[in-house]
Amino acid sequence: MKNKIEDLLKTIISKSLKIPKKKINPYLKASNCKNWDSLNFLTLISNLEKKFKIKFNYKEMIMLDSYKNIIKVLNKKIKK
Amino acid sequence: MKKKNLFIKGSSVYLSYPSSADVGKDWYDWFNDDEINSLVGKYPWPNSKSDQKKYLDDVRRNKDRLLLGVKILKNSKMIGVISLSKLNSHHRSAESSIIIGNSKYKNGIYALEALALLTEFGLTRLNLNRIFSSTLLINKNAHNLNKILGWRKVGTCKKSHYYKGQYVDSVIYEILKENWIKSNKRPSFGNE
């Protein structure tokens, strides 16, 4: 993923999950992030769809449980 | 491993027909949580295991309501309940509601999947034409959940619910079959 996109992604995650950008790393997961609650996660999906002008399908949506998986799904969507 | 009472299978959760064994766990206690009761507009009243058992028996006798447990596929833990109520066979409509009671699993993913599975089941298997839900204006979780799955906001009921000392508005969302069948949010059932 290109740096500019990754930076935008970190900004969106940081704002949606209300965590500092520097805490966003490849190990970030729903299971290890206190702020990854229902409201913040649903805000994150909505913000990703808006900012990247994409629509996640069902399979993609339920994969978005970690920073790594978000990058994986976004890479596929953006390439399309 | 075979899942007990599995009804609809997803990727991380499955929806099951609740049994008396489920009552004995923490299900009844979710409804002793003031915040859960407030957000679903439930009367704040103590709930016991026997109350919950009676409720389950009532629901089972009542054919205008389908109540399912939301369980984690990996460990069969019941984390919430989801339902279609006011099932109307003439107008082909029903009202949905969902509660994820176990706070450890309130990360949004399970609720999203459970509601997608129920919407698919209601609109394509029960052949409903419309599913609606009513949610408090302050319950941003529920708004996001409905919006992400493509439900649309159709109206606001003014001061419909009493919440922490004041009357608050509620919002009605709905999804029509004709829109859902075109949606990319449709799940496929894992048990097919």
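Below you will find a few notes about this structure.

Definitions and cut-offs
- Residues numbered from 1 in each chain as written.
- Chains lettered and ligands numbered in written order.
- Predicted model: local features only at pLDDT ≥ 70, side-chain atom pairs only at ≥ 80, totals over all residues.
- Heavy atoms only, no water.
- Helix = DSSP H or I, 4+ residues; strand = E, 2+ residues; numbered from the N terminus.
- Rg over C-alpha atoms; globule rule 2.2 N^0.38 Å.
- Buried < 20%, exposed > 50% of the residue type's maximum accessible area, 1.4 Å probe, protein only.
- Contact = heavy atoms within 4.5 Å.
- Areas by Shrake-Rupley, 256 points an atom, 1.4 Å probe, with all protein chains shown as cover.
- Lys, Arg positive; Asp, Glu negative; His and termini not counted.
- Charge placed at Lys NZ, Arg CZ, Asp CG, Glu CD.
- Phe/Tyr/Trp six-rings, centres within 6.5 Å; stacked < 30°, edge-to-face > 60°.
- Axes fitted to C-alpha atoms, helices over the stretch in contact; angles between N-to-C directions.
- Parallel < 35°, antiparallel > 145°, perpendicular 65-115°, else oblique.
- Left-handed = near helix turned anticlockwise from the far one by under 90°.
- Nonpolar A, V, L, I, M, F, W, Y, C, P; charged D, E, K, R; others polar.
- 1 Å grid on protein atoms, 1.4 Å probe; cavity = no way out; pocket = protein on both sides within 12 Å on 5 of 7 lines; lining within 4 Å.
- Points joined across faces, edges and corners; volume = space filled by probe spheres on them.

**Thoughts on the overall build of chain A**
No. 1: Helix and strand counts for chain A come out as four helices and zero strands.
No. 2: Counted from the first residue to the last, chain A has its helices and strands arranged as α-α-α-α.
No. 3: Compactness check: chain A gives a C-alpha radius of gyration of 11 Å against a globular reference of 12 Å for 80 residues, within 12% of the reference.
No. 4: In terms of overall dimensions, chain A has C-alpha extents of about 35 × 25 × 20 Å along its principal axes.
No. 5: The burial tally for chain A puts 45% of its 80 residues in the buried class.
No. 6: When contacts within chain A are restricted to residue pairs at least 6 apart in sequence, those whose partners lie at least 24 apart make up 47%.
No. 7: With an accessible surface of roughly 4,800 Å², chain A has 53% of that area assigned to carbon and sulfur atoms.
No. 8: Separation of charge centres in chain A, based on 21 positive and 6 negative side chains, amounts to 3 Å.

**Thoughts on the packing of aromatic side chains**
No. 1: In total, this model carries five aromatic pairs over all chains according to the counting rule given.
No. 2: For the ring pair Trp36(A) and Phe41(A), a centre distance of 6.1 Å and an interplane angle of 25° mean the geometry is stacked.
No. 3: By relative accessible area, Trp36(A) is classed as buried at 3%.
No. 4: Here Tyr43(B) and Trp45(B) contribute two aromatic rings whose centre-to-centre distance is 5.7 Å and whose plane-to-plane angle is 25°, an arrangement assigned as stacked.

**As for the packing of helix H1 (residues 3-17) of chain A against helix H4 (residues 67-79) of chain A**
Residue and element names in this part refer to chain A.
No. 1: One can describe the packing of H1 onto H4 by two numbers: an axis separation of 12 Å at closest approach and a directional angle of 130°. Overall, the two elements H1 and H4 adopt an arrangement that is oblique. Considering only the axes of H1 and H4, their crossing is right-handed. Of H4, the residues touching H1 (which contributes Ile5, Glu6, Leu9, Lys10 and Ile13) are Tyr67, Ile70, Ile71, Leu74 and Ile78.
No. 2: Taken together, the residues of the contact of H1 with H4 break down into eight nonpolar, no polar and two charged.

**Considerations on the environment of Ser93(B)**
Residue and element names in this part refer to chain B.
No. 1: Along the chain, Ser93 turns up in strand E5 (residues 93-100).
No. 2: When its relative accessible area of 11% is taken as the criterion, Ser93 is described as buried.
No. 3: Sequence separation between Ser93 and Leu176 is 83 residues; the distance between their C-alpha atoms is 9.3 Å.
No. 4: Apart from residues no more than four positions distant in its own chain, Ser93 is found in contact with Lys86, Leu87, Asn88, Leu128 and Arg130.

**What to know about the layout of surface pockets**
No. 1: In this model, the largest pocket occupies a volume close to 1,300 Å³.
No. 2: Around the largest pocket sit 47 residues that line it, and Leu39(B), Val40(B), Ser97(B), Ile98(B) and Ile99(B) are the ones nearest its centre.
No. 3: Among the secondary structure elements, those contributing two or more residues to the lining of the largest pocket are helix H2 (38-51) of chain A together with helix H2 (34-39), helix H3 (49-61), strand E4 (78-88), E5, helix H4 (109-125), strand E6 (130-136) and helix H5 (140-148) of chain B.
No. 4: Considering each element in turn, the lining of the largest pocket owes the most residues, six residues, to E5(B).
No. 5: The residue makeup of the lining of the largest pocket, split by class, is 22 nonpolar, 16 polar and nine charged.
No. 6: Looking at the second largest pocket, its volume works out to about 600 Å³.

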